[in-house]
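Fold and geometry: a report
Below are the chains, spelled out letter by letter.
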Amino acid sequence: MKKKSPRSASARSEDGVGPVGGTRHAGQIDWTKLRRRVGRRPSPSITATRTLAGELQRLREEQGVSLVQLADRTGVAPATLIKFESRHQPISVEILAALAGELGYELTLTKRPST
C-alpha cells in the first residue's frame, strides 16, 4: 500500500484549517471555493469582459485576420489572445486598445442613459 504524501489534498496543517505548506491561516475563508458553491452571477466587469472578447473575435474573423496574425501585429502573445477570446482571462485596457486599433477601431466611453 502507498503511503500518503504529507502534501496530498487531504493533508491538513497542524491547526487543521489549511493544507500543509499552504498559505491559508486559521479562520481564513477560501472565497474562490465558496463562490463556486454559491453559484453567484458573474460581476458586471466579468460580463463586460466576455462581451468585449466576443466582439473582438467577431471583428477579427470578419476581417479575415487570424489570431496569430493579430498577435504578431500587436506584439501580444498568442496565448494571451486565446485566453481572452475563450473568456478565460481578462486583458488590460492598453492591450485591448492596441488590438482594436490594429483592426481599425478605437475604444470610446459612452454615457449610459440615467435610469
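Note that the coordinates shown come from a computational prediction; the quantities given were computed from them, not determined experimentally.

Grouped together as the largest cluster of nonpolar side chains are 14 residues, with contacts concentrated most on Leu 56, Leu 70, Leu 81, Phe 84, Ile 91, Leu 99 and Leu 103. Broken down by secondary-structure element, the contributors of at least two residues to this core are helix H2 (44–62), helix H3 (67–74), helix H4 (78–85) and helix H5 (93–102). Contact partners of Leu 70, with chain neighbours within four places excluded, come to Arg 60, Val 65, Leu 81, Leu 99, Glu 102 and Leu 103.

Within the element layout of this structure, Arg 60 appears in helix H2. Given the relative accessible area of 7%, Arg 60 is considered buried. A distance of 2.9 Å separates a polar side-chain atom of Arg 60 from the backbone oxygen of Val 65.

Here we come to the environment of Ser 86. With respect to the helices, strands and loops of the structure, Ser 86 is situated in the loop between H4 and H5. Here Ser 86 falls in the partly exposed class, since its relative accessible area comes to 35%. Placed 33 residues apart in sequence, Ser 86 and Ala 53 show a C-alpha to C-alpha distance of 7.6 Å. A polar side-chain atom of Ser 86 sits 3.3 Å from the main-chain carbonyl oxygen of Lys 83.

Let us look at the environment of Leu 52. Relative to the helices and strands, Leu 52 resides in helix H2. For the pair Leu 52 and Arg 87, spaced 35 residues apart in sequence, the C-alpha to C-alpha distance is 9.4 Å. Setting aside residues no more than four positions away along its own chain, Leu 52 makes contact with Phe 84 and Leu 96.

Time to look at the pattern of salt bridges. In total, this model carries 5 salt bridges according to the counting rule given. Its salt-bridge partner being Arg 58, residue Glu 55 comes within 2.3 Å of it at the nearest N-O pair. Remark: Arg 58 and Glu 55 occur in helix H2; sequence separation between them is 3 residues, near one turn of the helix. Exposure remark for Arg 58: the relative accessible area of 36% places this residue in the partly exposed category. The salt bridge partner of Glu 102 is Arg 73, with a shortest N-O separation of 3.9 Å. A residue pair is termed long-range when its members are at least 10 positions apart, and Glu 102 in helix H5 and Arg 73 in helix H3 qualify at 29 residues. Given the relative accessible area of 33%, Glu 102 is considered partly exposed. Looking at Arg 73, the relative accessible area reads 45%, which means it is partly exposed. Among the charged side chains, a network of salt bridges with common partners joins Glu 55, Arg 58 and Glu 62.

Definitions and limits used
Residues numbered from 1 in each chain as written. Predicted model: local features only at pLDDT ≥ 70, side-chain atom pairs only at ≥ 80, totals over all residues. Heavy atoms only, no water. Core = buried A, V, L, I, M, F, W, Y, C linked by side-chain atoms within 4.5 Å. Buried < 20%, exposed > 50% of the residue type's maximum accessible area, 1.4 Å probe, protein only. Helix = DSSP H or I, 4+ residues; strand = E, 2+ residues; numbered from the N terminus. Contact = heavy atoms within 4.5 Å. Polar contact = N/O pair within 3.5 Å; in protein donor to acceptor, adjacent residues only side chain to side chain. Salt bridge = Lys/Arg side-chain N within 4 Å of Asp/Glu carboxyl O.

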